[in-house]
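In case you want the letters, here they are:
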Amino acid sequence: MRTSNHLIGLVNFFTFLASIPILGGGIWLSSRANNTDCLKFLQWPLIIIGVSIMVVSLAGFAGACYRNSFLMYLYLWAMFFIVAALFGFVIFAYAVTDKGSGRHVMNRVYLEYHLQDYSGWLEERVTSQSYWSKISSCIRDSHVCGKMRRAYNGGIPENVEMFNLRKLSPLESGCCKPPTECGYSYLNETMWNPGAGIVGSDPDCARWSNYQGQLCYSCNSCKAGVLASLKKSWRKVSVINIAILIILVIMYMVAIAAFRHNKKIDNDEPYGETRMEKSRPSRIHF
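The protein chain goes by Tetraspanin-3 in an unreviewed UniProt entry, where it is assigned to Anisodus acutangulus. Quoted straight from UniProt, the Subcellular location (unreviewed entry) entry for the protein chain says "Membrane".

Put into structure tokens, the structure is as follows:
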């Protein structure tokens, strides 16, 4: 019996450790939301799940140390719903970031992003006027476009050949320059000359402005860049979450087995009042 309690305590200790990457992923998404991705409600489910695992694992650890049946039942039931919530969040994250990717452009290293490649719940959220006004303001305040500028050999700006070889982020490609098909001539990273006129039929060609406070922040390519950046961030976190989810399920099954072993020993104890099982036990029990 003592060995089973030690095992349950050890499982809860590792569960507590497993919550740290989940919470860290939520905090990382939060920092991205404030500085890069600019969508600030997606990280909270992950942070709540991480904190919940921490609290519940501490309750389970205390229940194992003091053989408190109430805390153990609380741990097992709460962890069941938390694992289910994490599983649902992972499925949701993959579902809403399933579609869309950057398109290759001839003679360019960077990719370009088109809003029509994306669809679903996340695309509707980003493109809604109420959300986009906040997101575009966040992107503008982050100075992501201003940070694109490079200079060489005592302040000489990079030429168009060097710019075409850069690996731009989705936001830099979508929000800080006009689409390639528009036919604008390169002056610097955020200054483009329309020349004889707009060539492409993309509506973003008319939305582009050399005014540094506007650029392509109202373009569909900028919205697509936000979606691509979110997809990249969520996929990174989801890989960690899947690994942690597998570990949590294994440890949860071990905790259930150890708890049932404790109950079996308690029911067979020769001293004290013998605990009788229900004549009609519930369908779900530990």
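Student: Looking at this structure, how should I read unusual backbone geometry?
Tutor: With the exception of glycine, most residues fall at negative phi, and the peptide bonds are largely trans. If you check the backbone angles, His143 has positive phi at about 60° while not being a glycine. Along the polypeptide, His143 turns up in the loop between helix H5 (129-142) and strand S3 (151-152). On the accessibility criterion, His143 (53% relative accessible area) is exposed.

Student: Is there a simple way to explain the state of the cysteines in this structure?
Tutor: A covalent bond bridging the sulfur atoms of two cysteines is what the word disulfide describes. Counted by the stated rule, this structure contains four disulfides. The side chain of Cys145 participates in a disulfide bridge whose partner is Cys176; the two sulfur atoms lie 1.9 Å from each other. Note on the Cys145 and Cys176 pair: the S-S dihedral is about -80°, so by sign convention the disulfide is left-handed. Linking Cys145 in the loop between H5 and S3 with Cys176 in the loop between helix H7 (170-175) and strand S5 (185-188), this pair joins segments that are 31 residues apart in sequence.

Student: Explanation requested: a nonpolar patch on the surface in the structure shown.
Tutor: Among the surface-exposed residues, Leu7, Leu10, Phe13, Phe14, Leu17, Ile20, Phe61, Ile242, Ile246, Ile250 and Val254 lie close enough to one another that they form a single nonpolar patch of about 920 Å² accessible area. Of all the secondary structure elements, the ones that give two or more residues to the nonpolar patch are helix H1 (2-35) and helix H9 (220-267). Positionally, Leu17 belongs in helix H1.

Conventions we followed
Residues numbered from 1 in each chain as written. Predicted model: local features only at pLDDT ≥ 70, side-chain atom pairs only at ≥ 80, totals over all residues. Heavy atoms only, no water. UniProt positions renumbered as here; feature names shortened; annotations may be inferred. Helix = DSSP H or I, 4+ residues; strand = E, 2+ residues; numbered from the N terminus. Buried < 20%, exposed > 50% of the residue type's maximum accessible area, 1.4 Å probe, protein only. Disulfide = S-S within 2.5 Å. Patch = residues over 30% accessible without salt bridge, like charges linked within 9 Å, V, L, I, M, F, W, Y side chains within 5 Å. Areas by Shrake-Rupley, 256 points an atom, 1.4 Å probe, with all protein chains shown as cover. Salt bridge = Lys/Arg side-chain N within 4 Å of Asp/Glu carboxyl O.

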